[in-house]
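This is what each chain is made of:
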Amino acid sequence: ATSMGLVVLKPSAGGTGGSSSSGGQGSEALLLANATDVSHFSFFRRGAAREFIVFVARTVAQRTLPGQRQSVQHEEYMHTENDG
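From a predicted model like this one, the values you see are computed outputs, not experimental measurements.

Thoughts on the overall build of the protein
Then, in step 1: From N to C terminus, the protein includes one helix and four strands.
Then, in step 2: Helices and strands appear in the protein in the N-to-C order β-β-α-β-β.
Then, in step 3: Across the 84 residues that make up the protein, the buried fraction comes to 17%.
Then, in step 4: In the protein, the proportion of contacts linking residues at least 24 apart, taken out of those at least 6 apart, comes to 41%.

What follows is the structure, given as structure tokens:
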């Protein structure tokens with residue numbers, strides 16, 4: 001069983017102000033929409049699964065330069081595109 005998610009993020013306006021221990025590109029991206037299917041998790045683990053999906057999406061979005069497309073494999077498959 002796999003979890004699925006579609007997460008729409010908007011890059012931060014300033015690009016600064018946030019910090020990341022891994023040298024991220026700025027502040028956290030704004031979550032605009034989130035649709036996830038975590039039904040195969042137990043009821044008590046669904047919230048954590050949703051949080052993890054958003055965390056991974058934000059991390060990848062922060063590391064994707066404007067105009068760049070990126071595919072990331074995390075146990076399955078993830079695609080990222082930053083239109084800048």
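Things to note about the packing of aromatic side chains
Then, in step 1: The final tally for this structure, using the stated rule, is one aromatic pair.
Then, in step 2: Summarising the aromatic geometry, the rings of Phe43 and Phe44 are spaced 5.3 Å apart at their centres and angled 85° between planes, so their arrangement reads as edge-to-face.

Concerning the pattern of salt bridges
Then, in step 1: Scanning all chains against the criterion turns up one salt bridge.
Then, in step 2: A salt bridge links Arg58 to Glu28; its shortest N-O distance comes to 3.4 Å. Of this pair, Arg58 sits in helix α1 (residues 46–62) while Glu28 sits in the loop between β1 (4–10) and β2 (30–37), placing them 30 residues apart in sequence.
Then, in step 3: Residue classification places Arg58 among the buried positions, given a relative accessible area of 19%.
Then, in step 4: Note on Glu28: relative accessible area 54%, which makes it exposed.

So, the confidence of the model for the protein
Then, in step 1: The predicted model of the protein averages 73 in pLDDT, with 65% of residues at 70 or higher.
Then, in step 2: Across the protein, element-level confidence peaks in β2 with a mean pLDDT of 87 and bottoms out in strand β4 (residues 78–81) with 58.
Then, in step 3: The low-confidence segment residues 15–24 (pLDDT under 50) makes nine contacts with residues lying over four places distant or belonging to another chain.

Quick word on the side chain of Thr64
Then, in step 1: Relative to the elements of secondary structure, Thr64 occurs in the loop between α1 and β3 (69–72).
Then, in step 2: Judged by relative accessible area, which is 3%, Thr64 ranks as buried.
Then, in step 3: A polar side-chain atom of Thr64 sits 2.7 Å from the main-chain carbonyl oxygen of Val60.

Side note on the environment of Val38
Then, in step 1: Relative to the assigned elements, Val38 resides in the loop between β2 and α1.
Then, in step 2: It is 8.5 Å that separates the C-alpha atoms of Val38 and Gly5, two residues lying 33 residues apart in sequence.

Reading the values: rules and limits
Residues numbered from 1 in each chain as written. Predicted model: local features only at pLDDT ≥ 70, side-chain atom pairs only at ≥ 80, totals over all residues. Heavy atoms only, no water. Helix = DSSP H or I, 4+ residues; strand = E, 2+ residues; numbered from the N terminus. Buried < 20%, exposed > 50% of the residue type's maximum accessible area, 1.4 Å probe, protein only. Contact = heavy atoms within 4.5 Å. Phe/Tyr/Trp six-rings, centres within 6.5 Å; stacked < 30°, edge-to-face > 60°. Salt bridge = Lys/Arg side-chain N within 4 Å of Asp/Glu carboxyl O. pLDDT = per-residue confidence, 0-100. Polar contact = N/O pair within 3.5 Å; in protein donor to acceptor, adjacent residues only side chain to side chain.

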